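Each chain is listed here by its residues.
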Amino acid sequence: KAGVTQTPRYLIKTRGQQVTLSCSPISGHRSVSWYQQTPGQGLQFLFEYFSETQRNKGNFPGRFSGRQFSNSRSEMNVSTLELGDSALYLCASSLATGGTEAFFGQGTRLTVV
Amino acid sequence: GENVEQHPSTLSVQEGDSAVIKCTYSDSASNYFPWYKQELGKRPQLIIDIRSNVGEKKDQRIAVTLNKTAKHFSLHITETQPEDSAVYFCAAQYNAGNMLTFGGGTRLMVKP
């Protein structure tokens, strides 16, 4: 069974640009969540998508957005990049309901210069 | 919203000793509490989890205890080995979805 796949693995962008990250969940998993990991703030929840709908949203500015497609693949977009957006972005896939294991992808390392 | 605090932030033990990491949560509606291990440069991986209707769960050298009244839960690792060295995160989930609120992490170092 293939795991959670995130692309690309590494990205370098300039301030003001925008970026799109992709996540393919485990087959059969309908929930995809996104997290930002930084040394200072730890792991912070961005949003969760289930059946193409945003089910939960964290405390991030509107520059961070996402979507989910009918095949459960998800993308997140960050517009007008700031230096502080440099982080490891992790996505996690889960079965539909809560209380079950979240399987993480290897992450996308975003560096904003 | 939920808030999870985790202590200590770093923990150094001798190989063979036990290690204990503690977390407290704020929302009494939280009902699922997983623990993740993240080795350097790798993805977080679930090592054990517990649901709110259970007080304790054990899996070989790892155990988790939950005190719902006090709103805290702990990870216990016995007979630590160098390969246990990693960052450990506790988390809490309190709503119908899969949103996890993580603690700040504990860097565990097991000295041979």
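My aim in this report is to walk through the structure given alongside it, one point at a time. (Residues numbered from 1 in each chain as written. Chains lettered and ligands numbered in written order. Predicted model: local features only at pLDDT ≥ 70, side-chain atom pairs only at ≥ 80, totals over all residues. Heavy atoms only, no water.)

Attention now goes to the sheet that holds strand β1 (residues 4-7) of chain B. All names here are of chain B. Ordered by their spatial adjacency, five strands build an open sheet running β1-β3-β8-β7-β6, and the pairing between neighbours is antiparallel. The open sheet has two edge strands with one neighbour each: β1 and β6 (56-59). Going from strand to strand, the sheet's axes swing by 15 degrees on average, the running direction of each strand aside. Here β6 pairs with strand β7 (residues 62-67) via four bridges, running antiparallel. Looking at the pairing, Lys58 lines up with Ala63 of β7. (Pairing = 2+ DSSP bridges. Helix = DSSP H or I, 4+ residues; strand = E, 2+ residues; numbered from the N terminus. Axes fitted to C-alpha atoms, helices over the stretch in contact; angles between N-to-C directions.)

With that settled, the discussion passes to the state of the cysteines. Put plainly, a disulfide is one covalent bond tying together the sulfur atoms of two cysteines. Summed over the entire model, instances satisfying the criterion amount to two disulfides over all chains. The side chain of A:Cys23 participates in a disulfide bridge whose partner is A:Cys91; the two sulfur atoms lie 1.8 Å from each other. The disulfide joining A:Cys23 to A:Cys91 has a torsion of about 60 degrees about its S-S bond and is therefore right-handed. Of this pair, A:Cys23 sits in strand β3 (residues 19-24) while A:Cys91 is found in strand β9 (residues 87-94), placing the two residues 68 residues apart along the sequence. Residue classification places A:Cys23 among the buried positions, given a relative accessible area of 0%. On the basis of relative accessibility, which here comes to 0%, the residue A:Cys91 falls in the buried class. One disulfide bridge connects B:Cys23 with B:Cys90, the sulfur atoms lying 1.9 Å from each other. Here B:Cys23 and B:Cys90 share a disulfide; its torsion about the S-S bond, -100 degrees, makes the bridge left-handed. Of this pair, B:Cys23 sits in strand β3 (residues 19-25) while B:Cys90 sits in strand β9 (residues 86-92); the two residues are 67 residues apart in sequence, bridging distant segments of the chain. A residue is classified by how much of its surface remains accessible, and B:Cys23, at 1% relative accessible area, is buried. The exposure class of B:Cys90 is buried, given its relative accessible area of 0%. (Disulfide = S-S within 2.5 Å. Buried < 20%, exposed > 50% of the residue type's maximum accessible area, 1.4 Å probe, protein only.)

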